[in-house]
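Summary of structural features
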Amino acid sequence: MDNIARALLNAAAFLEFSPDDIVDPDSAVKALEDIAFALQNASAEEIESIRRAAAAEREARAGIPGYEGTLEFFDNFLQSVGLVE
């Protein structure tokens with residue numbers, strides 16, 4: 001499950017941070033909203049897997065210049081999709 005969570009997070013990060021000439025902004029927003037909607041029924045185990053994956057992805061990028069926004073994205077992902085307050 002952790003590999004699926006990592007793939008989900010990386011896909012969401014791609015949508016969030018891709019330039020407008022790579023991914024249509026309206027399509028990116030729609031896809032991110034669809035991801036958030038699908039996650040509303042996530043189990044506690046699935047949420048914990050996403051939490052671990054977000055921490056791992058953040059750690060992998062920590063200290064690399066230019067990733068500050070991405071670090072914040074991973075820090076806030078669960079809250080952004082409405083899984084935690």
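Let me sum up the structure you'll find in this document.

1. What about the overall build of the protein chain?
Counting its secondary structure elements, the protein chain contains 4 helices and 0 strands. Reading the helices (α) and strands (β) of the protein chain from amino to carboxyl end gives α-α-α-α. Computed over its C-alpha atoms, the radius of gyration of the protein chain comes to 13 Å, within 12% of the 12 Å expected for a compact globule of 85 residues. Summarising its shape, the C-alpha atoms of the protein chain cover approximately 35 × 30 × 25 Å along the three principal directions. Expressed as a percentage of the 85 residues in the protein chain, the buried residues total 33%. For the protein chain, the proportion of contacts with a sequence separation of at least 24, taken over those separated by at least 6, is 67%. Carbon and sulfur atoms make up 53% of the accessible area of the protein chain, which amounts to about 5,500 Å² in all. Both charge centroids of the protein chain, one from 6 positive and one from 17 negative side chains, sit 7 Å from each other.

2. A short note on helix 1 (residues 2-17)
Taking 1.5 Å of rise per residue, 16 residues should cover 22 Å, and helix 1 covers 22 Å from first to last C-alpha, within 8% of that figure. Within helix 1 the residues assigned to the buried category are Ala5, Leu9, Ala12, Ala13 and Leu15. For helix 1, the buried positions fall inside an angular range of 160 degrees around the axis, keeping them on one side. Residues Asn3 and Ile4 are exposed on helix 1 and point more than 90 degrees away from its buried face. Looking at the buried side of helix 1, the elements it contacts are helix 2 (25-39), helix 3 (44-61) and helix 4 (68-80).

3. Things to note about the packing of aromatic side chains
Inspection of the entire model under this criterion finds 3 aromatic pairs. Between Phe73 and Phe74, the aromatic rings sit 5.6 Å apart at their centres with planes inclined by 70 degrees, giving edge-to-face as the arrangement. For Phe73, a relative accessible area of 14% translates into the label buried.

4. Quick word on the packing of helix 3 against helix 4
One can describe the packing of helix 3 onto helix 4 by two numbers: an axis separation of 9 Å at closest approach and a directional angle of 170 degrees. Accordingly, the angle class assigned to the pair helix 3 and helix 4 is roughly antiparallel. Across the interface between the two elements, Ile47, Ile50, Arg51, Ala54, Glu57, Arg58 and Arg61 of helix 3 pack against Thr70, Leu71, Phe74, Asp75, Phe77 and Leu78 of helix 4. Of the residues in the contact of helix 3 with helix 4, the class split is 7 nonpolar, 1 polar and 5 charged.

Here is what the cut-offs are and how they apply
- Residues numbered from 1 in each chain as written.
- Predicted model: local features only at pLDDT ≥ 70, side-chain atom pairs only at ≥ 80, totals over all residues.
- Heavy atoms only, no water.
- Helix = DSSP H or I, 4+ residues; strand = E, 2+ residues; numbered from the N terminus.
- Rg over C-alpha atoms; globule rule 2.2 N^0.38 Å.
- Buried < 20%, exposed > 50% of the residue type's maximum accessible area, 1.4 Å probe, protein only.
- Contact = heavy atoms within 4.5 Å.
- Areas by Shrake-Rupley, 256 points an atom, 1.4 Å probe, with all protein chains shown as cover.
- Lys, Arg positive; Asp, Glu negative; His and termini not counted.
- Charge placed at Lys NZ, Arg CZ, Asp CG, Glu CD.
- Expected span 1.5 Å × (residues − 1).
- Arc of directions from axis to C-beta.
- Phe/Tyr/Trp six-rings, centres within 6.5 Å; stacked < 30°, edge-to-face > 60°.
- Axes fitted to C-alpha atoms, helices over the stretch in contact; angles between N-to-C directions.
- Parallel < 35°, antiparallel > 145°, perpendicular 65-115°, else oblique.
- Nonpolar A, V, L, I, M, F, W, Y, C, P; charged D, E, K, R; others polar.

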